[in-house]
Amino acid sequence: LPVGGIKEKVLAAARAGVATVTADGLREDPARAATLDFLDAAGVARSDIVSITVTATTVTVVLTARRDAVFGQLIGNDSIVVRGSGEATATFGNSP
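Residues numbered from 1 in each chain as written. Predicted model: local features only at pLDDT ≥ 70, side-chain atom pairs only at ≥ 80, totals over all residues. Heavy atoms only, no water.

A few points about the side chain of T64
Note the cut-off: Here a helix means four or more residues in a row that DSSP labels H or I, a strand means two or more in a row labelled E, and each is numbered from the N terminus. Each residue's exposure class comes from its accessible area (1.4 Å probe, protein chains only) as a fraction of the maximum for that residue type: buried when under 20%, exposed when over 50%, partly exposed otherwise. Contacts are residue-level and defined by heavy atoms, with any inter-residue pair within 4.5 Å sufficient.
Note that T64 resides in strand 2 (residues 58-68). Judged by relative accessible area, T64 falls into the buried class, the value being 6%. When neighbours within four sequence positions are excluded, T64 is seen to be in contact with D48, V50, V81, V82 and R83.

A closer look at the environment of V81
As for its position among the elements, V81 is in strand 3 (residues 79-89). Linking V81 and T64, residues 17 residues apart in sequence, is a C-alpha distance of 6.9 Å. When near neighbours in sequence (up to four residues on either side) are disregarded, V81 contacts T64, A65 and R66.

Re the nonpolar core
Just so we agree on the cut-off: We define a nonpolar core as any set of buried Ala, Val, Leu, Ile, Met, Phe, Trp, Tyr and Cys residues linked to one another through side-chain atoms lying within 4.5 Å.
If you look at the biggest cluster of nonpolar residues, it comprises 20 residues, and the most contacted ones within it are L39, I49, I52, V59, V61 and L63. Looking at this core, the elements with two or more residues in it are helix 1 (6-18), helix 2 (28-41), strand 1 (49-54), strand 2 and strand 3. Counting residues per element, this core draws most heavily on helix 1, at five residues. With residues up to four places along the chain from it excluded, the contact list for V61 reads V10, A13, A14, T35, L39, S51, G84, S85 and G86.

Considerations on the side chain of T58
Following the sequence through the fold, T58 ends up in strand 2. Look at T58 and you get buried, because its relative accessible area is 13%.

A few points about the packing of helix 1 against helix 2
Spelled out, the test is: Fitting a line to C-alpha atoms yields each axis, with helices limited to the stretch in contact; the angle taken between N-to-C directions then spans 0 to 180 degrees. It is the rotation of the near helix from the far one that decides the hand of a crossing: anticlockwise by less than a right angle makes it left-handed, clockwise makes it right-handed.
In contact at an axis separation of 7 Å, helix 1 and helix 2 are set at 145 degrees when each is read in the N-to-C sense. Two packed elements cross with a definite hand, and for helix 1 against helix 2 that hand is right-handed. Contacts between helix 1 and helix 2 involve K9, A12, A13, A16 and G17 from the first element and A31, A34, T35, F38 and L39 from the second.

This is the structure:
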């Protein structure tokens, strides 16, 4: 996972999970599978996935990317850690 764009990826992944909503709400297995499918297609390593949480109305995705810091090594920082989280909520009818 490139360090840049992590916020966009977690939001899009959460939206992919929410897109599986039915009249009965979100079901964990289909929502999790759709979220993982999106992350796989986006090139996100499974080791960068911290969590995928599915409730009856939301999907929350947390990713952490650790990468070598080429120029950071000059000041004693040999890696960069970026954490991003995103949540999407399913709405029904006229719900906000």
